[in-house]
Every structure is written in C-alpha cells, then in structure tokens.
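If you want the building blocks of each chain, they are given just below.
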Amino acid sequence: MAAMTGGDAVVEVLRELGVSAVFGVISIHNIPIYDAIQRSEIIHPVCVRHEQAAVSMADGYARSTGKLGVAITSTGPGAGNAMGAMVEAFTAGSPVLHLTGQIESHLVGMQKGYIHEMLDQTSMLQASCKWLGTPSTAADIPHILKKAACIAMTGRQRPVVVQIPIDLQYESLGGGISEFRWDFALHPSVGDMNAALREIHAARRILIWSGGGTISSNAHYEVKKLAEKLGAGVITSIGGRGVIAEDHDLSLGALALEQPICELLKQADLLIAIGTRFQGAATRGWQLQIPDKLIHIDIDSSEIGRNFKPMLGLIGDARTIILEILKGLEACDQRKIDANWLEQIVRAKYQSRQNLEARLGPWREVLEQFRDSIRPDDIV
C-alpha cells in the first residue's frame, strides 16, 4: 500500500469530519487533493467555473446541512477570486473551510515570478476569516485541518482558511494520522444563571429576540418551548428567521421596526436576546427603544454589550443555555404573565404584517404565490 501523501491526508480528515461534498476549481496547485478525492469515492466533488461560486456553494451547504462547508481553490489569483464570498460567509456566520493551495514552500515570499505567486496571500486571506493555518510539513496537515474545522464550528461560527503548499500535498506523511482533541466549552456561572432566572421569574411581559446563533445552535425546539413557557413573543433577526414557524402566534418575525412591534418593545419589562448582534439595519441604527432590562445570551463574549448594554450577559451555546433556563423554570413554575400580554403580541403580529402587506402593493401577490409554491420545511 502506497504511503499517505498530504493530499490523501486532506481527504481522510474531511471524511472523518463527515464532509460529503466539496466545491472548487481544479488547479495545478490542488491536483493531489483532487486525485485523492477521486480515489476515495466517498466525497463528491462539485466543480465550478469561478472560485467565488465555490465558496458561496460551500456557504449554502453549511447553512442547509449544519455541517462544515468546504471550498477548494488554487493559490494566488484563485484564492483572491474567493474573497467576496468569504466576506459574505464571515458576515453571515457560516462554518466554511476555504482550502487553498500555495506555491512550493521554499519559494513563498521570494517574488521570483513562480506561477500563481502572490505578494502576501496570507494577509489577504486573514482579512475575511476567523483563523488561518499553514502546515510546515505534510505531517502537520491533519492537525491543522482538524483545528481549523473545530474553530469554524465552535464559538461564533465563521469561515477559516488552510493554505497548503503544493510540495506538501505531494509529500509522504511517513506515518498515520494522529488523534486530535479539541476542548471547547463555555458555560455561564451558576451565579449568573440564578440571576437570570430571578429576572425571568419576576417579569410579566417578556419578549425574545432570536438571532442566527439560535439557528447555528440548532435551538429551534428550545426557542419555541421557551417562548411558550414564558408567554413571550419572538422577534427574529434576518439570520434568525425560521427558528420558530412564522405562523405561530408568538412569532413576530423580522419586523422589529414595524410600529406595533416597536410599541410592544416599549411595554415589555424584559427582553431576552439569544444569539444576535443587534445589527444596525434591524435596530434603526441602534436607535430602537428596547426594554431597560436586557439579558443577552451569546457564544461570543465580544458581542455582549457591543450595541446595547445588558443588565446580564450569559456566555455560551444558545441551545445549552436555553435548556438550563427551562430546567430552572420547572423548579419554580409559579411566575405570572400579564393578563393582556398574549393578546397584545398576537395583535401586534397581525397589525405589523398588514402594514407591510399594504406597502407592498402589487408585489404582495408575487410573494404570496412564491410562499404557496413551497413547503414549510423547504430551504429558501
């Protein structure tokens, strides 16, 4: 049996990670990887005509499957072509691995005019990713790839880049792939969780603002259960749409700027924000009036307090924290809901939609026909 090359190692790691498809452009600076993909008959290669399309498709794959999306490009101009889609994946919080080639190790930075050479590829790629790794030997490739995948998939999910010099793709590893362990765990303190439960228990008119972090965390069921438990309306960001069915009475959709929902925010005595960054477009440039009491849950500590100052921040995975809250509520299930709050939520929901539909004019029919042509669980 032939020794494992760097290209073989890439495919073996992708197989371990559960990747079933990759998207890219074949080049002289990634041929060993594609040769290994062809031999494996496990991973389906989707060839595209432009590297930006490869990253966009990997982004879509990640969003629709919850798995790591993988795009393969050449070095230099090929890697540069992917930058626009990398910025989109970064902004959207998609776990994408941009796997790019690099010229031979000993020629990097030499400016000798080697084909596909680039002045500073690393700096260009770092501008649009969460982390970048470059193996220095073929034996480093499995470790670097697994680390990149873990970084992309944990914390705030975002794209990562691994650039592999072409000589390392051909080089033998000289052994098997060593085991890799990644320990990533964030949990709010017991004191913070108890403080959050006290505020939730005392509140009578609660709203939830659910962002893309609840989608990444696969917290659909938990958000719905929490909303029903608290009698709370659920506002979503654009990225958080779909976490709760929009025909659910408690779903207020991505309509926070509609006047009836603005009024609802003014009347609420607690807002629980989960996995959202409160982006400018969703908050009228951060001028939207929200309740004085804000509990902000996010896996990225740097996002808590960036745009609205919370009374309490809980750092960790959305689904895990919601489950802890639900567990805590079961132990003290005596909280009261304002008698008119549910009615106000439903009224604000339908008034907001009616206002939006009136502004749409004839375009309303286009959207209605589109909605009627798809099933509830179809991906848009």
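To be clear, the structure that these remarks concern was listed above.
Conventions and cut-offs
- Residues numbered from 1 in each chain as written.
- Predicted model: local features only at pLDDT ≥ 70, side-chain atom pairs only at ≥ 80, totals over all residues.
- Heavy atoms only, no water.
- Helix = DSSP H or I, 4+ residues; strand = E, 2+ residues; numbered from the N terminus.
- Buried < 20%, exposed > 50% of the residue type's maximum accessible area, 1.4 Å probe, protein only.
- Contact = heavy atoms within 4.5 Å.
- Lys, Arg positive; Asp, Glu negative; His and termini not counted.
- Charge placed at Lys NZ, Arg CZ, Asp CG, Glu CD.
- Pairing = 2+ DSSP bridges.
- Axes fitted to C-alpha atoms, helices over the stretch in contact; angles between N-to-C directions.
- Salt bridge = Lys/Arg side-chain N within 4 Å of Asp/Glu carboxyl O.
- Parallel < 35°, antiparallel > 145°, perpendicular 65-115°, else oblique.
- Nonpolar A, V, L, I, M, F, W, Y, C, P; charged D, E, K, R; others polar.
- Phe/Tyr/Trp six-rings, centres within 6.5 Å; stacked < 30°, edge-to-face > 60°.
- Lys NZ or Arg CZ within 6 Å of the ring centre and 35° of its normal.
- Right-handed = clockwise from strand over helix to strand, strands pointing away.
- Expected span 1.5 Å × (residues − 1).
- Polar contact = N/O pair within 3.5 Å; in protein donor to acceptor, adjacent residues only side chain to side chain.
- Core = buried A, V, L, I, M, F, W, Y, C linked by side-chain atoms within 4.5 Å.

Asker: A description of the overall build of the protein should follow, citing residues and the corresponding values.
Answerer: Regarding its fold elements, the protein presents 15 helices and twelve strands. Its C-alpha atoms give the protein principal-axis dimensions of about 70 × 55 × 35 Å. Within the protein, the fraction of its 380 residues that count as buried is 48%. Partitioning the intrachain contacts of the protein with sequence separation of at least 6 by distance along the chain shows that 73% fall at a separation of at least 24. Put simply, the protein has 36 plus and 42 minus side-chain charges, and the middle of one group is 6 Å from the middle of the other.

Asker: An account of the sheet that holds strand β1 (residues 21-24) is requested, with residue identities and associated values reported.
Answerer: The parallel open sheet is built from six strands, whose spatial order is β2-β1-β3-β4-β6-β5. Where the open sheet ends on each side, the last strands, each with one partner, are β2 (44-47) and β5 (131-133). Taking the axes of each pair of neighbouring strands and ignoring which way they run, one obtains an average angle of 25 degrees across the sheet. As defined by bridge partners, β5 adjoins strand β6 (residues 160-165) across three bridges and the pair is classed as parallel. Paired with L132 across the strands is V161, a residue of β6. Contacting β1, β2, β3 (69-73) and β4 (96-102), helix α3 (residues 51-65) runs over the sheet at an angle of about 170 degrees to β3.

Asker: Tell me about the pattern of salt bridges, and please be specific about residues and values.
Answerer: Inspection of every chain in the model, using the stated rule, returns 22 salt bridges. Close ionic contact of K293 with E199 constitutes a salt bridge, the shortest N to O distance being 3.2 Å. On the criterion of sequence distance, the pair formed by K293 in the loop between β10 (270-274) and β11 (294-298) and E199 in helix α9 (residues 190-202) is long-range, its members being 94 residues apart. Its salt-bridge partner being R364, residue E368 comes within 2.8 Å of it at the nearest N-O pair. With E368 and R364 both in helix α15 (residues 363-372) and four residues apart, this pair spans about one turn of that helix. The exposure class assigned to E368 is partly exposed, which follows from its relative accessible area of 26%. In the salt-bridge network here, residues are joined through shared partners; they are R156, D298, D300, E303 and R306.

Asker: Let's hear about the packing of α3 against helix α5 (residues 83-92): which residues, and what values?
Answerer: Relative orientation of the contacting elements α3 and α5 amounts to 20 degrees, with a least axis distance of 8 Å. It follows that α3 is roughly parallel to α5 by the angle criterion. Taking contact as the criterion, the partners of Q52, V55, S56, D59 and R63 in α3 are, on α5, A85, M86, E88, A89 and A92. Class assignment of the residues belonging to the contact of α3 with α5 gives a composition of five nonpolar, two polar and three charged.

Asker: Outline the packing of aromatic side chains, listing residues and values.
Answerer: With the rule as written, the count across this model stands at three aromatic pairs. Arranged with centres 5.0 Å apart and planes meeting at 80 degrees, the rings of F278 and F308 form a pair that is edge-to-face. You can see F278 sitting in the loop between β10 and β11 and its partner F308 sitting in the loop between β11 and β12 (312-315), a full 30 residues away along the chain. The class of F308 is buried, set by a relative accessible area of 11%. Grouping aromatic residues by their ring pairs yields a cluster made of W209, F278 and F308. A cation over an aromatic ring shows up here: R158 above the ring of F90, its NZ or CZ 4.1 Å from the ring centre. Above the ring of Y350, the side-chain terminus of K349 is found at 5.6 Å from the ring centroid.

Asker: Got a sec to walk through the pairing of β1? Specific residues and values, please.
Answerer: The alternating pattern of β1 places A21 and F23 and V22 and G24 on opposite faces, both of which are buried. When β1 meets β2, the two strands line up parallel, connected through four bridges. Bridge pairing links F23 to V46 in β2. Crossover β1 to β2 through helix α2 (residues 31-40) is right-handed. In terms of strand pairing, β1 meets β3 through two bridges, oriented parallel. Note on β3: the bridge partner recorded for G24 is I72.

Asker: Outline helix α13 (residues 318-331), supporting the account with residue identities and numerical values.
Answerer: With 14 residues, α13 extends 20 Å between its outermost C-alpha atoms, agreeing within 8% with the 20 Å of an ideal straight helix rising 1.5 Å per residue. Elements that come into contact with the buried residues of α13 comprise α9, α10 (212-216), α11 (220-230), β10, β11 and β12. Put simply, D317 is the residue that caps the front of α13, since its side-chain oxygen is 3.3 Å from the backbone nitrogen of R319.

Asker: Explain the nonpolar core to me, using residue names and the numbers behind them.
Answerer: One finds I200, L207, W209, L226, I272 and I325 to be the most contacted residues of the largest nonpolar core, which totals 52 residues. Top element by residues in this core is α13. It accounts for six residues. Among all residues touching L226, those that are not within four sequence positions of it are I208, I274, I322, I325, L326 and L329. Of all hydrophobic cores here, the second largest spans 30 residues; its members include V70, I72, L99 and L173.

Asker: So what's going on with the sheet that holds β10? Residues and values would help.
Answerer: Taken in spatial order, the six strands line up as β9-β8-β7-β10-β11-β12 in an open sheet, and their pairing is parallel. Only two strands of the sheet have a single neighbouring strand rather than two, namely β9 (251-253) and β12. Strand-to-strand twist of the sheet, defined as the mean angle between neighbouring strand axes without regard to direction, takes the value 20 degrees. In terms of strand pairing, β11 meets β12 through four bridges, oriented parallel. Directly across from I295, in β12, lies its bridge partner L312. In the packing of α9 onto the sheet, contacts are made with β7 (206-210), β10, β11 and β12, and the angle to β12 comes to roughly 130 degrees.

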